[in-house]
Structures are given as C-alpha cells and as structure tokens.
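Fold and contact review
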Amino acid sequence: TLSFPYSNAGFTVPLPSENSQCFLHGLTTIFEHIGGVPKLISFDNLPAAINKNRTLTEAFERCMLHYRYEAVFCNPSRANEKGNCENKVGYTRRNFMLPYPELTDYETLTADLLARARSDMQRPHYQKGILIAKLFEQDQEALLPLPSAPFEPVELVSCRVDKYCQVRFENEVYGVPRANPKQRVLLRLSWDKVQVIDSSGEVLGTLNRNYTLKTQSIDWQ
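What this report covers is the structure whose coordinates are included nearby.

The rules we used
- Residues numbered from 1 in each chain as written.
- Predicted model: local features only at pLDDT ≥ 70, side-chain atom pairs only at ≥ 80, totals over all residues.
- Heavy atoms only, no water.
- Buried < 20%, exposed > 50% of the residue type's maximum accessible area, 1.4 Å probe, protein only.
- Helix = DSSP H or I, 4+ residues; strand = E, 2+ residues; numbered from the N terminus.
- Pairing = 2+ DSSP bridges.
- Expected span 1.5 Å × (residues − 1).
- Contact = heavy atoms within 4.5 Å.
- Polar contact = N/O pair within 3.5 Å; in protein donor to acceptor, adjacent residues only side chain to side chain.
- Phe/Tyr/Trp six-rings, centres within 6.5 Å; stacked < 30°, edge-to-face > 60°.
- Lys NZ or Arg CZ within 6 Å of the ring centre and 35° of its normal.
- Salt bridge = Lys/Arg side-chain N within 4 Å of Asp/Glu carboxyl O.

Considering the pairing of strand β7 (residues 172-175)
On β7, burial follows the alternation: Glu172 and Tyr174 on one face are buried, whereas Val173 and Gly175 on the facing-out side are not. The pairing of strand β6 (residues 166-169) with β7 spans four bridges and is classified as antiparallel. Along β7, the bridge assignment pairs Gln166 with Gly175. Between β6 and β7, which follow one another and run antiparallel, lie two residues, and Glu170 among them has a positive phi close to 50 degrees.

Overview of helix α4 (residues 106-120)
In a regular helix each residue adds 1.5 Å, so 15 residues correspond to 21 Å; α4 covers 21 Å between its end C-alpha atoms and thus fits that length. Turning to α4, the residues buried within the fold contact β2 (9-11), α1 (20-34), α3 (83-96) and α5 (132-141). The N-cap of α4, judged by a side-chain oxygen 3.2 Å from the amide nitrogen of Glu107 a few residues on, is Asp105.

A word on the packing of aromatic side chains
Taken as a whole and assessed by the stated rule, the structure comprises 14 aromatic pairs. Aromatic pair Phe4 and Phe136: ring centres 5.2 Å apart, planes at 75 degrees, arrangement edge-to-face. You can see Phe4 sitting in strand β1 (residues 2-4) and its partner Phe136 sitting in helix α5, a full 132 residues away along the chain. Take Phe136: its relative accessible area is 1%, and that puts it in the buried class. Consider the rings of Phe11 and Phe136, whose centres lie 5.5 Å apart with planes at 55 degrees: the pair is tilted. A residue pair is termed long-range when its members are at least 10 positions apart, and Phe11 in strand β2 and Phe136 in helix α5 qualify at 125 residues. For the pair formed by Phe11 and Phe136, the shared burial category is buried. Through pairs of rings, three or more aromatic residues link up here, namely Phe23, Phe31, Phe43, Phe60, Tyr67, Tyr69 and Phe73. The lysine or arginine in question, Lys88, covers the ring of Tyr91, its NZ or CZ lying 5.4 Å from the ring centre. Across the ring face of Tyr6, the terminal group of Lys128 is positioned such that the distance to the ring centre comes to 3.6 Å.

Concerning the pattern of salt bridges
The final tally for this structure, using the stated rule, is eight salt bridges. Residue Asp120 pairs with Arg123 through a salt bridge whose shortest N-O separation is 3.1 Å. A relative accessible area of 18% means that Asp120 is categorised as buried. Looking at Arg123, the relative accessible area reads 24%, which means it is partly exposed. Among the ionic contacts, a cluster of salt bridges with common partners joins Asp44, Lys82 and Glu86.

Written as structure tokens, this is what we have:
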C-alpha cells in the first residue's frame with residue numbers, strides 16, 4: 001500500500017509474499033498506475049528493503065536509483081510514524097476486501113483494487129472538505145516523471161539440480177525435467193515466475209513461483 005497524506009489517496013497491490021521481488025513489483029506497479037514517482041517515501045523496516053544492520057538491500061537500492069526517489073525508514077517497531085499508510089491498509093481491507101472478491105488471479109485483483117481506489121477518491125477529504133481526487137491532482141503535479149524504461153525486479157541465483165531433477169531456492173522446490181542431475185543452473189526469479197537457465201543460456205523451463213510449497217504439476221510434454 002502506498003498512501004498520500006496530503007490528499008488521503010492510497011493504492012494497494014495484493015501480492016503472494018513479502019520477498020524483494022513481490023515488494024518491488026507492487027511498488028513499481030503503483031508508480032506506473034499514477035504516472036509518476038513521489039520524491040520522498042517513508043517505509044517500514046521490511047527485510048525486502050533494508051538489512052538487519054539497516055543498510056539497503058541491493059535490489060531496493062537499484063530500484064531507488066532507477067526511479068530517483070528518496071527513502072526514509074521508520075524506527076524499529078514504530079509503524080505509527082507512518083500512520084496514514086497504516087490507516088489506509090485497514091481502510092482498504094474493510095471497504096474493498098469484504099466480502100472477499102471472487103477473482104482468479106493477482107493481476108485481476110490488482111486491477112480491481114486500483115479501480116476501487118480511484119472510485120473512492122470521489123469523496124470529500126475528512127478534514128479539508130475538498131474531493132480527494134482534486135487534492136490528488138496536486139500530489140501528481142509534485143511527482144517525478146517516470147523513467148523511459150520500467151525497472152524489472154528480478155533476482156539471479158545459481159544453484160545445482162539434485163538427483164531428482166529438482167532445484168531448491170530457500171523453501172521453494174521446482175521440478176525441471178529437462179535438466180540433468182547435479183547440473184549447475186541459474187534461476188531468474190521474478191515475483192510470479194522462475195526461469196531455469198543452463199550454462200549455455202538455454203531456458204530449461206519457466207515455472208510459476210511456488211509460494212504455497214505444494215507439489216507442482218509437471219508438463220510431461
């Protein structure tokens with residue numbers, strides 16, 4: 001969820017995990033939707049953006065440099081320091097997610113939530129009495145322009161195929177029938193897909209990210 005305290009506008013992207021690829025995909029999706037980038041953004045101390053020693057993760061820093069925004073982080077266990085965003089999360093759950101939307105995939109749910117957020121802006125601000133949509137126009141005037149090419153939040157991980165022709169990344173397991181046991185491969189991880197690439201650059205398979213940790217079906221053909 002990205003909220004704008006001045007106008008009280010806010011946008012939410014649902015995601016299957018709190019990993020770096022999901023977090024940055026959600027953030028950049030909102031940037032593209034609103035047509036610009038806030039100059040300053042306040043964040044939680046989430047592991048997808050900041051390490052335990054309070055240094056930036058490589059992926060987050062690359063994203064920040066790509067879009068040119070400045071990041072500030074709340075003090076540990078002080079989510080109230082960005083209370084507008086915390087309230088927007090609860091508002092979105094109560095007003096847009098109940099009853100639970102009967103949608104089949106994250107992309108459709110994202111489009112639905114963004115459309116609901118736009119529609120919700122046609123109400124007066126709780127203090128200023130002006131439509132949120134009108135106030136958000138002023139927010140948009142202060143945005144940085146989008147770069148000519150969007151940022152692609154992916155991670156490359158080297159690993160070895162086991163004797164069952166499976167590869168493992170953290171708690172995720174993927175079957176790669178075209179691979180050979182003990183073969184060294186490269187995983188290209190995005191928020192929803194995993195590409196398995198051999199040493200010659202050939203793609204051995206493109207699989208859905210296995211966040212549920214259930215057995216994945218094999219495309220026998």
